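# Descriptive structure summary
Listed below are the residues making up each chain.
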Amino acid sequence: MTKVLFGALFLFSFALAAEEGGHHSPVVLFWKGFNVLLFLGVAYWFGRKPVAEAFNNFWRSLTQNVEDSEKELSLAREELRKAKEELEKAKVRADESIALARESAQTEIENTRRHAEEIAQRVREKAKETVEIELKKAKEELAIYGLMKAEEIAKGMLVEAFKDPEVQKRYIETQLKVLEEKKNA
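Each chain has its residues counted from 1, running along the sequence as written. Thresholds applied to this predicted model are a pLDDT of at least 70 for local features of residues and 80 or more for the giving and counting of side-chain atom pairs; totals over whole chains, interfaces and linings are not thresholded and use all residues. The side-chain quantities take in all heavy atoms of the structure and omit both hydrogens and water.

Moving on to the pattern of salt bridges. Salt bridge, as used here: a side-chain nitrogen of Lys or Arg that lies within 4 Å of a carboxyl oxygen of Asp or Glu. By the definition in use, this model includes ten salt bridges. The closest approach of N and O atoms between Glu152 and Lys149, which form a salt bridge, is 3.9 Å. In this pair, Glu152 and Lys149 are both assigned in helix α2 (residues 26-162), three residues apart and thus about one turn of the helix distant. Any residue under 20% of the maximum accessible area for its type is buried, any over 50% is exposed, and the rest in between are partly exposed; the area is computed with a 1.4 Å probe on protein chains only. Its relative accessible area of 34% is what places Lys149 among the partly exposed residues. With a closest N to O distance of 3.4 Å, Glu151 and Lys155 form a salt bridge. Pair noted here: Glu151 and Lys155 are both in helix α2, with a separation of four residues, about one helical turn. A relative accessible area of 43% places Glu151 in the partly exposed class. Starting at the N terminus, helices and strands are each numbered in turn, a helix being any DSSP run of H or I of at least four residues and a strand any DSSP run of E of at least two.

Taken together, Val27, Phe30, Trp31, Phe34, Leu38, Val42, Trp45 and Phe46 make up a surface patch of nonpolar side chains, about 880 Å² in accessible area. As for its placement among the helices and strands, Val27 is situated in helix α2. On the basis of relative accessible area, Val27 is assigned to the exposed category, the value being 52%. In this scheme, patches are assembled from residues that exceed 30% relative accessible area and form no salt bridge. Like charges are connected within 9 Å, while nonpolar side chains (Val, Leu, Ile, Met, Phe, Trp, Tyr) are connected within 5 Å. Method for areas: the Shrake-Rupley scheme with a 1.4 Å probe, in which residue coverage is limited to the protein chains shown.

So, on to the confidence of the model for the protein chain. Scored by pLDDT, the protein chain has a mean of 84; 88% of the residues are at 70 or more. Known as pLDDT, the predictor's confidence for each residue is given on a scale from 0 to 100. Mean pLDDT values over the elements of the protein chain span from 53, in helix α1 (residues 2-18), up to 89, in α2.

Working definition: rings of Phe, Tyr and Trp (its six-membered ring) pair if their centres are within 6.5 Å, and the pair is stacked with planes under 30 degrees apart, edge-to-face with planes over 60 apart, and tilted otherwise. All told, the structure shown has four aromatic pairs when counted by the stated rule. Each ring, one from Phe30 and one from Phe34, has its centre 6.3 Å from the other, and the planes form 20°; the classification is stacked. Of this pair, Phe30 and Phe34 are both found in helix α2, four residues apart, which corresponds to roughly one turn of the helix. Overall, Phe30 belongs to the partly exposed group, its relative accessible area being 48%. Centre to centre, the rings of Phe162 and Tyr171 are 5.2 Å apart; their planes meet at 85°, and the pair counts as edge-to-face. The structure contains a cluster of three or more aromatic residues connected by ring pairs, namely Phe30, Trp31 and Phe34.

Set out below in structure tokens:
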């Protein structure tokens, strides 16, 4: 309150100094000063709580905004840290997945190669068996063909030989001897 009074007296003296060049009486000046002080006192009396509340609210809102901004900043930093950790974890998982995929692909390639080699070996063995079977058949057919040709040639030779009566006679004699030996035996 004393600050207000000193402020009012300062303003009053300032007003007096400003009007020294005029012709006012000290009583008029006193009443003007009193009116100014009265106005300031009434303004202070009725306006102190709302003005103080307005300044306090303004100050609280400023500090609250700063605190909220600091909280948001710390939350944003924490989220950024977590996002970086998740990114690193995702990179590690991606690297592991790539390595696993490469390993799986290599294993699959090896398995496929081994399987193809096994199939090729079976095909070779089957082909070899088929060739042997076909060769055996061909040999048998060739032998049969050879026997048939030999039989034809032999028949032709026998027919030719049996045209000679002397050969016929010897053949009959030989057959008779064989029959006699069988009979005696």
